[in-house]
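Coordinates in review
Each chain is listed here by its residues.
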Amino acid sequence: QVKLVESGGGSVQAGGSLKLSCVASGYNFRCGMGWYRQAPGKEREMVSTIFNDGTIKYSDSVKGRFTISQDNARNTLSLQMNSLKTEDTAVYYCAAEDRRWCTYEFNYWGQGTQVTISS
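Read on for a plain summary of the structure.

**Observations concerning the sheet that holds strand β3 (residues 18–25)**
Ordered by their spatial adjacency, four strands build an open sheet running β1-β3-β8-β7, and the pairing between neighbours is antiparallel. Two strands in the sheet have a free side with no partner beyond their single neighbour: β1 (3–7) and β7 (66–71). For this sheet, the mean inter-axis angle between neighbouring strands, taken without regard to orientation, is 15°.

Next comes the structure, spelled out in structure tokens:
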């Protein structure tokens, strides 16, 4: 079973930067990974995903500000977040798909890390 552990969350003023990391263990068949976030009272939304076919996607709200990357040798996923805005405040979750046949739907989730942006 895949275990995902996020780190790097914290509090920063608007305009600042943070880098989130996710360490994955227990993979059998890695299909892809991604970052989601959920703010209080709002639905969980996709932030960015990267799949093994090379497809990288970003939500419109973070394009040009966030960058997703992965280190396959270390099974780590990162999210560099620049020019942070108060609306980026949320719990950020690392997600992964581990299936024999990839469906591009995540089936493992981390515990989440809090990101708080102050004005």
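Text resumes after the structure shown.
**Examining the pairing of strand β11 (residues 113–118)**
Burial of β11 is one-sided: the residues Thr113, Val115 and Ile117 facing one way are buried, the residues Gln114, Thr116 and Ser118 facing the other way are not. In this sheet, β11 lies alongside strand β2 (residues 10–13) in parallel orientation, the contact comprising four bridges. Across the sheet, the residue bridging to Ser11 is Thr116, located in β11. With three bridges joining them, strand β9 (residues 90–98) and β11 adopt antiparallel strand pairing. Bridged to Ala90 within β11 is Val115.

**Observations regarding the packing of aromatic side chains**
All told, the structure shown has five aromatic pairs when counted by the stated rule. When the centroid spacing of 5.0 Å and the interplanar angle of 65° are considered together, the rings of Phe51 and Tyr104 count as edge-to-face. Highlighted residues: Phe51 in strand β5 (residues 45–51) and Tyr104 in the loop between β9 and β10 (108–109), separated in sequence by 53 residues. Phe51 sits in the buried class, given a relative accessible area of 8%. Taken together, the ring pairs connect Tyr36, Phe51, Tyr104, Phe106 and Trp109 into an aromatic cluster. In this arrangement the basic side chain of Arg44 is found over the ring face of Tyr36, its NZ or CZ atom lying 5.9 Å from the centre. Here the basic side chain of Arg44 rests over the ring of Trp109, its NZ or CZ set 3.8 Å away from the ring centre.

**Topic: unusual backbone geometry**
It is generally the case that most residues other than glycine have a negative phi and that most peptide bonds are trans. Although it is not a glycine, Ser83 sits at a positive phi angle of roughly 50°. Mapped onto the secondary structure, Ser83 falls in the loop between β8 (76–81) and β9. Judged by relative accessible area, Ser83 falls into the partly exposed class, the value being 40%. Even without being a glycine, Tyr104 presents a positive backbone phi close to 65°. Tyr104 sits in the partly exposed class, given a relative accessible area of 45%.

Reading the values: rules and limits
- Numbers given to residues run from 1 along each chain, matching the order in which its sequence is written.
- A pLDDT threshold of at least 70 governs which residues receive local features in this predicted model, and a stricter bar of 80 or more applies before side-chain atom pairs are shown or counted, although totals over entire chains, interfaces and linings include all residues.
- By convention in this description, side-chain values take in all heavy atoms of the structure and omit both hydrogens and water.
- Should DSSP find at least two bridges between two strands, the strands are taken to pair.
- Think of it this way: any DSSP run of H or I at least four residues long counts as a helix, any run of E at least two long counts as a strand, and we number them from the N terminus.
- Lines are fitted to the C-alpha atoms to define the axes, a helix being fitted only along its stretch in contact, and any angle between axes, read from their N-to-C directions, falls within 0 to 180 degrees.
- The rule is simple: take the accessible area with a 1.4 Å probe, protein chains only, and divide by the maximum for that residue type; under 20% is buried, over 50% is exposed, in between is partly exposed.
- Here a Phe, Tyr or Trp ring, Trp counted by its six-membered ring, pairs with any other such ring whose centre lies within 6.5 Å, and the pair is stacked when the planes are under 30 degrees apart, edge-to-face when over 60, and tilted otherwise.
- We count a charge as sitting over a ring when the NZ of a lysine or the CZ of an arginine lies within 6 Å of the ring centre and within 35 degrees of the ring normal.

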